[in-house]
Amino acid sequence: MTRSYRLIAGDCVEEMRRMGAQTIDAIVTDPPYGIGRVLDPFLGSGTTGIAALRCGFDFTGIERDPDYMTIARARIGADAPLLNREEVQP
């Protein structure tokens, strides 16, 4: 099964305000099973995103620093390129 992830460049508080109530199932650092999407509002180098995708969750990460966004995008995209796909942000 292919899992999706979305990386958002911006401030986590501002981006979370823009997300609708049904966008995220939970904000967690150790996700319980049974949820569909994990949100990491401080993406950094993308370790939480990699772990979420490996555990079978869809993932949204928010990062304001362009250097960290570049690192996270490369790490997450390279982890399992045939199993994961990045959703393009409108």
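All values reported here derive from a predicted model rather than from experimental measurement.

A. Looking closely at the overall build of the protein chain. Helices and strands together make up the secondary structure of the protein chain, namely three helices and four strands. Traced from its N-terminal end to its C-terminal end, the protein chain shows the element sequence β-α-β-α-β-α-β. Among the 90 residues that make up the protein chain, the fraction classed as buried is 39%. For the protein chain, contacts bridging at least 24 residues in sequence account for 59% of all contacts bridging at least 6.

B. Broad picture of the side chain of Asp58. Structurally, Asp58 can be placed in strand S3 (residues 58–63). Classification of Asp58 by relative accessible area gives buried; the value is 18%.

C. Layout of the pattern of salt bridges. One pass over the full model with this rule turns up one salt bridge. For Arg54, the salt bridge identified is with Asp79, shortest N-O distance 2.6 Å. Within this pair, whereas Arg54 is found in helix H2 (residues 47–54), its partner Asp79 is found in helix H3 (residues 66–79), the two being separated by 25 residues in sequence. Taking the relative accessible area as the measure of exposure, Arg54 reaches 63% and is therefore exposed.

D. Molecular detail of the environment of Glu63. Following the sequence through the fold, Glu63 ends up in strand S3. Placed 55 residues apart in sequence, Glu63 and Ile8 show a C-alpha to C-alpha distance of 6.3 Å. A polar contact of 3.0 Å, which involves the side chain of Glu63, links it to the backbone nitrogen of Asp65.

E. Focus on H2. Along H2, the residues that are buried comprise Gly49, Ile50, Ala52 and Leu53. All buried residues of H2 lie within an arc of 165 degrees about the axis, which places them on one face of the element.

Criteria and thresholds
- Residues numbered from 1 in each chain as written.
- Predicted model: local features only at pLDDT ≥ 70, side-chain atom pairs only at ≥ 80, totals over all residues.
- Heavy atoms only, no water.
- Helix = DSSP H or I, 4+ residues; strand = E, 2+ residues; numbered from the N terminus.
- Buried < 20%, exposed > 50% of the residue type's maximum accessible area, 1.4 Å probe, protein only.
- Contact = heavy atoms within 4.5 Å.
- Salt bridge = Lys/Arg side-chain N within 4 Å of Asp/Glu carboxyl O.
- Polar contact = N/O pair within 3.5 Å; in protein donor to acceptor, adjacent residues only side chain to side chain.
- Arc of directions from axis to C-beta.

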